[in-house]
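# Observations on the model geometry
One letter stands for each residue in the lines below.
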Amino acid sequence: METDASGYAVGMPQLDAAIWPNLIFWLIVSIVLLYLILSRVALPRLGTVLAERQDAISNDLEMAALLRRRAEEAEAAYERALAEAREEAMRIGEATRAEIQEELKHLMEKADAEIAAKTAESEKRIGEIREDAVRSIDEVARETALAIVAQLMPKLADQSAVDAAVSRQLEG
Amino acid sequence: MATAGPDTDPTGFNIHPMDQFLLRPLFGDQIHWYTPTNATLWMFIAVAAATLLMVAGTRGRALVPSRAQSAAEVTYGFIRKMVEDVAGREGAKYFPYILTIFLFILFANVLALIPTSFSPTSHIAVTATLGIAVFVTVTTIGFVKNGPGFLKLFWVSEAPTLALRIVLFFIELISYFIRPVSHSVRLFGVMTAGHAVVKVFAGFAGALGIAAILPITAIVAMLALELLVAVIQAYVFTILTCVYLNDALHPGH
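This one's a predicted model, so the numbers in the text were calculated from it and none came from an experiment.

Rules behind the numbers
- Residues numbered from 1 in each chain as written.
- Chains lettered and ligands numbered in written order.
- Predicted model: local features only at pLDDT ≥ 70, side-chain atom pairs only at ≥ 80, totals over all residues.
- Helix = DSSP H or I, 4+ residues; strand = E, 2+ residues; numbered from the N terminus.
- Buried ≥ 20, exposed ≤ 12 C-beta atoms within 10 Å, placed from the backbone.
- Rg over C-alpha atoms; globule rule 2.2 N^0.38 Å.
- Contact = placed C-beta atoms within 7 Å.
- Nonpolar A, V, L, I, M, F, W, Y, C, P; charged D, E, K, R; others polar.
- Core = buried A, V, L, I, M, F, W, Y, C linked by C-beta atoms within 7 Å.
- Expected span 1.5 Å × (residues − 1).
- Axes fitted to C-alpha atoms, helices over the stretch in contact; angles between N-to-C directions.
- Left-handed = near helix turned anticlockwise from the far one by under 90°.
- Bend = angle between axes of the 7 residues up to and from the residue.
- Parallel < 35°, antiparallel > 145°, perpendicular 65-115°, else oblique.
- pLDDT = per-residue confidence, 0-100.

## Digging into the overall build of chain B
A count of helices and strands for chain B gives 6 helices and 0 strands. In sequence order, chain B lays out its α and β elements as α-α-α-α-α-α. With respect to the three principal axes, the spread of C-alpha positions in chain B is 70 × 55 × 40 Å. Looking at chain B as a whole, 35% of its 253 residues are labelled buried.

## Overview of the overall build of chain A
Within chain A, the secondary structure is distributed over 2 helices and 0 strands. Compactness check: chain A gives a C-alpha radius of gyration of 66 Å against a globular reference of 16 Å for 172 residues, more than 25% above the reference. Along the first, second and third principal axes, the C-alpha atoms of chain A reach 200 × 40 × 20 Å.

## Description of the interface of chain B and chain A
Each partner contributes residues to the interface: chain B has 45 residues there, and chain A has 36 residues. Looking at the side of chain B that touches chain A, the elements with two or more residues in it are α1 (38-56), α2 (67-87), α3 (95-111) and α4 (124-146) of chain B. The element contributing the most residues to the side of chain B that touches chain A is α1(B), with 9 residues. Per-class residue counts for the side of chain B that touches chain A are 29 nonpolar, 13 polar and 3 charged.

## Some remarks on the nonpolar core
Ranked by internal contacts, the top residues of the largest apolar core, which has 63 residues, are Ala46(B), Phe102(B) and Phe104(B). Secondary-structure elements contributing two or more residues to this core are α1 (20-152) of chain A together with α1, α2, α3, α4, α5 (162-207) and α6 (213-249) of chain B. By residue number, the principal contributor to this core is α3(B), which donates 12 residues. When neighbours within four sequence positions are excluded, Phe104(B) is seen to be in contact with Ser30(A), Ile31(A), Leu34(A), Ala46(B) and Ala50(B). One finds Val198(B), Ala202(B), Ile219(B) and Met222(B) within the second-largest nonpolar core, a separate group that totals 5 residues.

## So, helix α2 (residues 159-171) of chain A
Compared with the 18 Å implied by 1.5 Å per residue over 13 residues, the 18 Å span of α2(A) between its first and last C-alpha is a close match. Judged by how many residues are buried, α2(A) sits mostly at the surface: 1 of 13 residues are covered.

## Examining the packing of α1(B) against α3(B)
Residue and element names in this part refer to chain B. Between α1 and α3, whose axes approach to 9 Å, the crossing angle comes to 115°. α3 is crossed by α1, and the crossing has right-handed handedness. In this structure, α1 contributes Trp42, Met43, Ile45, Ala46, Ala49 and Ala50 to the contact, and α3 contributes Leu103, Phe104, Phe107, Ala108 and Leu111. Counted by class, the contact of α1 with α3 contains 11 nonpolar, no polar and no charged residues.

## A look at unusual backbone geometry
All names here are of chain B. For Arg61, which is not a glycine, the phi torsion comes out positive at approximately 50°. Secondary-structure assignment places Arg61 in the loop between α1 and α2. Judged by the 12 C-beta atoms lying within 10 Å of it, Arg61 is exposed. We note that Thr116 has phi near 70°; this positive angle belongs to a residue other than glycine. For Thr116, the location among the structural elements is in the loop between α3 and α4.

## Details of α5(B)
In this model, α5(B) (46 residues) spans 65 Å end to end at C-alpha, consistent with the 68 Å of a helix rising 1.5 Å per residue. The largest bend along α5(B) measures about 35° and falls at Ile178(B), with the proline Pro180(B) one to four residues further on.

## Considering the packing of α2(B) against α3(B)
Residue and element names in this part refer to chain B. Put simply, α2 and α3 touch, their axes get as near as 10 Å, and they point 125° apart. Relative to α3, the element α2 lies oblique. Judged by the sense of rotation from one axis to the other, the crossing of α2 with α3 is right-handed. Contact residues: α2 offers Ile79, Arg80 and Val83, while α3 offers Phe95, Ile98, Leu99 and Phe102. Within the contact of α2 with α3, the residues separate by chemical class into 6 nonpolar, no polar and 1 charged.

## So, the confidence of the model for chain B
Residue and element names in this part refer to chain B. Here chain B shows a mean pLDDT of 89. Residues at 70 or above account for 94%. The low-confidence segment residues 1-9 (pLDDT under 50) makes 15 contacts with residues lying over four places distant or belonging to another chain. What the predictor reports for the complex is a pTM of 0.74 with an ipTM of 0.88.

This is the structure we're talking about:
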């Protein structure tokens, strides 16, 4: 080693050929050591980790695409079912409305017929009652007239004459 | 042998910018080729730091990464993408080697910014070994993959005349053999210069009293710049390795 008396370097120590074998030997040892460590341990490990991550990412992406497709299918199915249900509901509503209309018409006709029958019967009865009443008036008039005549002039009280007079008055 | 010199100098100036590059044995006082030195220590610390990042951080193997794992994954992805972008799919086979070089240089450069640490990448022996290793490997790959067809790298078939092609052949050949030199001297020069400049400023600081604030400010600024340089040089060394590898895999212009 080129040093002066007090141990300081003289010139460039790098150019002292005596130390080159030492440096070269230890350099080769270091490089081989590092190469072995890297190629045996670090690189396979890193390669595996990176490959696994790549796989995991592409798997996840595939899974996401699959789920998305399924979700889209489910949505389409739901839309279809909804449309069908709506159509069905409309059809049922229409049918029910027609049925109710039919029944209503039927009931109306029946009710009309009953009302007409009842009206006819009532009219007949009213006619009867009126005739009855008229007949009763006739009778009451004769009896009343006879009673009045008997009170006023007992001698003149004659059934047939009073009847005739009342009939004359009622018809007049 | 090298031991720390006296701390004070009669002149007040204590500037020894090259001392930091001295190799010091960890045990004993002789440096043989196998002696563990401060360079060995800091190379191993760089390896340990790289291991900490790439192995300890990924221990969880989490699908959703922790911060440490994220850092390791980003580093992995960054270099992997660089290799594939520059050298193509066939280059991916050499990815572990390139990542090793990148991490080693990156941590050696960055850890060297710690005061009193040692910078292995400021030694030409280290960077030249790395550069020559890349050169030899890449040239071997070129001939193994393409056979004599690798020589097409030097034969510019787009050139209009034969004479021009021959001239260009020699230029390409020379520039090819210059590659390991520029590849290694770039890293060595930048690291050495940066560290030496910091040391020179530090030497001024010791002698200037209250005015030392100026060199200290300069050191802070230099260290920020050096941090940038440390990362960029690791990046440059790595991407040039990828470029050379691409030439070997796909020769011909």
